[in-house]
Amino acid sequence: GRCGRVSRRRPGSVDPRLASCLIRACFHNHAPRRALQLLAEMKTWPGFDGPDAHVYSALILGLAKGGKLREAVEITEEACATLRRKFTTSVISDLALRALLDALVSCCASQHIAGPLAEKLHEAGMPRFRQWLRHGFRDRAIHHRSGPPATALPPLVSLPGYGVPISF
């Protein structure tokens, strides 16, 4: 798989794919907190240029699938800023962004949180999230007209910096 590839990077450097494999291993072992700790640790590794799109994709996917939406949104925003600063053409994977959008739409958080997030992703060279977002709203509205969701939503909380209560 992707974790076993040999890198042709400069001697002494750490391959970001190794970092993304470690992140995925954390989620495989149901340890999202450890994955976030690992992100902080890897930023201090000598010979590591910092997280890339693969690392951020693994984090966002794992957090979104695990219901850690606050953290997934924060990591997505960090990824947008970091990838823009690095002037890279790498982007967060469609799979990770789709999982995040689906989670946001399913908890009715998408209008107030995903909208500004879509703009940040667009500015960072990832415009497809905005298109998916439009479809997600439409699909959600159709779902609500056909009846209430099968499960009750958890209590409302607020994300720092957004000031809008959302369900998680």
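Here is what the cut-offs are and how they apply
Residues numbered from 1 in each chain as written. Predicted model: local features only at pLDDT ≥ 70, side-chain atom pairs only at ≥ 80, totals over all residues. Heavy atoms only, no water. Helix = DSSP H or I, 4+ residues; strand = E, 2+ residues; numbered from the N terminus. Core = buried A, V, L, I, M, F, W, Y, C linked by side-chain atoms within 4.5 Å. Buried < 20%, exposed > 50% of the residue type's maximum accessible area, 1.4 Å probe, protein only. Contact = heavy atoms within 4.5 Å. pLDDT = per-residue confidence, 0-100. Polar contact = N/O pair within 3.5 Å; in protein donor to acceptor, adjacent residues only side chain to side chain. Axes fitted to C-alpha atoms, helices over the stretch in contact; angles between N-to-C directions. Parallel < 35°, antiparallel > 145°, perpendicular 65-115°, else oblique. Left-handed = near helix turned anticlockwise from the far one by under 90°. Salt bridge = Lys/Arg side-chain N within 4 Å of Asp/Glu carboxyl O.

A. The environment of R128, seen in detail. Its place among the elements puts R128 in helix 7 (residues 128–145). Along the backbone, R128 and R98 are 30 residues apart, and their C-alpha atoms lie at a distance of 9.6 Å.

B. The arrangement of the nonpolar core in detail. Within the largest apolar cluster, 46 residues are counted, with the highest numbers of intra-cluster contacts made by I23, M42, L59, I92, L100, L121 and F129. For this core, the element with the most residues is helix 3 (residues 53–65), which contributes 9 residues. Aside from chain neighbours lying at most four places away, what touches I23 is A35, L38, L39, M42, V55, A58 and L59.

C. Molecular detail of the confidence of the model for the chain. Confidence in the prediction of the chain, expressed as mean pLDDT, is 75, and 68% of residues score 70 or more. Low confidence marks residues 1–7, where pLDDT is under 50. Its contacts with residues over four positions away, or in another chain, come to 7 contacts. Throughout residues 140–168 the model reports pLDDT below 50, and contacts reaching past four residues in sequence, or to other chains, amount to 45 contacts.

D. The side chain of T76, seen in detail. Topologically, T76 is positioned in helix 4 (residues 69–85). Residue T76 is classed as buried on the basis of its relative accessible area, which comes to 0%. Side-chain polar atoms of T76 contact the backbone oxygen of A72, separated by 2.7 Å. Ignoring anything within four residues of it in the chain, the contact list for T76 reads I60, I92, L97, L100, L117 and L121.

E. Representation of the packing of helix 3 against helix 5 (residues 94–106). Viewed as axis vectors pointing N to C, helix 3 and helix 5 meet at an angle of 25 degrees, and their least axial separation amounts to 8 Å. Viewed along their axes, helix 3 and helix 5 adopt a mutual orientation that is roughly parallel. Helix 3 and helix 5 meet at a crossing whose hand is left-handed. Between helix 3, through S57, I60, L61, A64 and K65, and helix 5, the contact on the second element is made entirely by L95, A96, A99, L100 and A103.

F. Region of the structure containing the pattern of salt bridges. Within this structure, the stated rule accounts for 4 salt bridges. Notably, a salt bridge pairs R34 with E41, separated by 2.8 Å at the nearest N-O pair. We classify R34 as partly exposed; its relative accessible area is 35%. E41 sits in the partly exposed class, given a relative accessible area of 35%. Among the ionic pairs, E77 bridges to K120, the shortest N-O distance being 3.1 Å. With a gap of 43 residues between them, E77 in helix 4 and K120 in helix 6 (residues 110–123) connect regions that are remote in the sequence.

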